[in-house]
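What follows is each chain in one-letter form.
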Amino acid sequence: MAELNPAPLPELEQKLIDQGLENVEVEIPGIRVELKYSTTDNFFGEDVYGDLTRAYLQPEAVARLKKAQELLQADYPHFTLHVYDGVRPRSVQQILWDNLDKPDSVKPLYVADPKVGSLHNFGVAVDLTIFDSEADSVLDMGTDYDFFGYAAYPDREEQMLEEGIITPAQITNRKILRKVMNQAGFTGIGSEWWHFNAYSRKEAGEKFKIVE
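So, here is what we can say about the structure in this document. Just so we're clear, the structure is a prediction, and the values are computed from it rather than from any experiment.

1. Overview of the overall build of the protein
Reasoning step 1: Each helix and strand in the protein was counted, giving 8 helices and 8 strands.
Reasoning step 2: A globule of 212 residues ought to have a C-alpha radius of gyration of about 17 Å, and the protein, at 17 Å, matches this closely.
Reasoning step 3: Overall, the protein is about 65 × 45 × 35 Å in size when its C-alpha atoms are taken along their principal axes.
Reasoning step 4: Counting over 212 residues, the protein shows a buried share of 46%.
Reasoning step 5: For the protein, the proportion of contacts with a sequence separation of at least 24, taken over those separated by at least 6, is 71%.
Reasoning step 6: Separation of charge centres in the protein, based on 21 positive and 36 negative side chains, amounts to 6 Å.

See below:
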């Protein structure tokens, strides 16, 4: 009996593959993916990815993320990286931009302008946390993903600690994530503990095209 053809991939996912991006879960053993923008559990409260439930990045970014996973599991075998977002195609960025209920002048504080593009749009930024298989939950980082406020700012951790808003244990958990990501070649940003870039904006613009 002839083998049945596999079901076609969702249209958006096939477009990502056609543009040269790689499936994080295929390339990195044990990594977990929970695309928050494929659910309603996000800043916007709506599913903007639709059928896309797998995380994709540029191959170079995947290689760095694989290194981070290996570093993490070498020190903490029961920990694994847990990805909330990878590439964000410009088509999705446009939806977020259009639906954000803020004046255009302040929108860039929350969402990158699709005309310019963010590092997520180039496929070289990743949002993630750490999952503890022994506890069967993500580590407590002090805030949820997509929390807008000083409690999520790496740059404000000492102040937030002094004010009793976050704890030393939560900062320790963030430092575990930062250490492995930095050692693998990613850089963080001052306002989101979960966000890491594989390249600068200038480097990304020279090496890659915005993912449509």
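2. Describing the pattern of salt bridges
Reasoning step 1: Within the structure shown, the criterion is met by 10 salt bridges.
Reasoning step 2: Asp41 is the salt-bridge partner of Lys36, the closest N and O atoms lying 2.6 Å from each other.
Reasoning step 3: For Glu212, the salt bridge is made with Arg90, and the minimal N-O distance between the two is 2.5 Å. With a gap of 122 residues between them, Glu212 in the segment after helix H8 (201–207) and Arg90 in helix H4 (residues 90–99) connect regions that are remote in the sequence.
Reasoning step 4: When its relative accessible area of 35% is taken as the criterion, Glu212 is described as partly exposed.
Reasoning step 5: Given the relative accessible area of 23%, Arg90 is considered partly exposed.
Reasoning step 6: Salt bridges linked by common partners bring Glu34, Lys36 and Asp41 together as one network.

3. Quick word on the pairing of strand E8 (residues 192–197)
Reasoning step 1: Most of E8 sits inside the fold, with 6 of its 6 residues counted as buried.
Reasoning step 2: In the sheet, strand E7 (residues 187–189) pairs with E8 via 3 bridges, with the strands oriented antiparallel. Bridge pairing links Thr187 to Asn197 in E8.
Reasoning step 3: In this structure, the hairpin formed by E7 and E8 is closed by a connection of 2 residues.

4. What about the packing of aromatic side chains?
The geometry of an aromatic ring pair is captured by the separation of the ring centres together with the interplanar angle, meaning the angle of the planes.
Reasoning step 1: Using the criterion set out here, one finds 9 aromatic pairs in the structure.
Reasoning step 2: Judged by centre distance (5.4 Å) and plane angle (75°), the rings of Tyr145 and Trp194 are edge-to-face. Remark: Trp194 occurs in strand E8 and Tyr145 occurs in the loop between strand E6 (137–138) and helix H6 (157–162); sequence separation between them is 49 residues.
Reasoning step 3: A residue is classified by how much of its surface remains accessible, and Tyr145, at 10% relative accessible area, is buried.
Reasoning step 4: Between the aromatic rings of Tyr150 and Tyr153, the centroid separation amounts to 5.1 Å while the plane-to-plane angle is 80°, which identifies the pairing as edge-to-face.
Reasoning step 5: Owing to a relative accessible area of 40%, Tyr150 belongs among the partly exposed residues under this scheme.

5. With respect to the side chain of Asp127
Reasoning step 1: Position of Asp127 relative to the elements: it lies in strand E5 (residues 125–132).
Reasoning step 2: Polar side-chain contacts of Asp127 include one of 3.1 Å to the side chain of His120.
Reasoning step 3: Non-local contacts of Asp127, meaning those with residues more than four positions away in its chain, are made with His82, Val83, Tyr84, Asp85, Arg88, His120, Tyr145, Trp194 and His195.

6. Looking at the nonpolar core
Reasoning step 1: One finds Leu65, Leu81, Val126, Leu128, Ile130, Leu177 and Met181 to be the most contacted residues of the largest nonpolar core, which totals 57 residues.
Reasoning step 2: Filtering out sequence-adjacent residues up to four positions away, Ile130 remains in contact with Leu72, Phe79, Thr80, Leu81, His82, Val138, Leu139, Met141, Asn173, Ile176 and Leu177.

Reading the values: the criteria
Residues numbered from 1 in each chain as written. Predicted model: local features only at pLDDT ≥ 70, side-chain atom pairs only at ≥ 80, totals over all residues. Heavy atoms only, no water. Helix = DSSP H or I, 4+ residues; strand = E, 2+ residues; numbered from the N terminus. Rg over C-alpha atoms; globule rule 2.2 N^0.38 Å. Buried < 20%, exposed > 50% of the residue type's maximum accessible area, 1.4 Å probe, protein only. Contact = heavy atoms within 4.5 Å. Lys, Arg positive; Asp, Glu negative; His and termini not counted. Charge placed at Lys NZ, Arg CZ, Asp CG, Glu CD. Salt bridge = Lys/Arg side-chain N within 4 Å of Asp/Glu carboxyl O. Pairing = 2+ DSSP bridges. Phe/Tyr/Trp six-rings, centres within 6.5 Å; stacked < 30°, edge-to-face > 60°. Polar contact = N/O pair within 3.5 Å; in protein donor to acceptor, adjacent residues only side chain to side chain. Core = buried A, V, L, I, M, F, W, Y, C linked by side-chain atoms within 4.5 Å.

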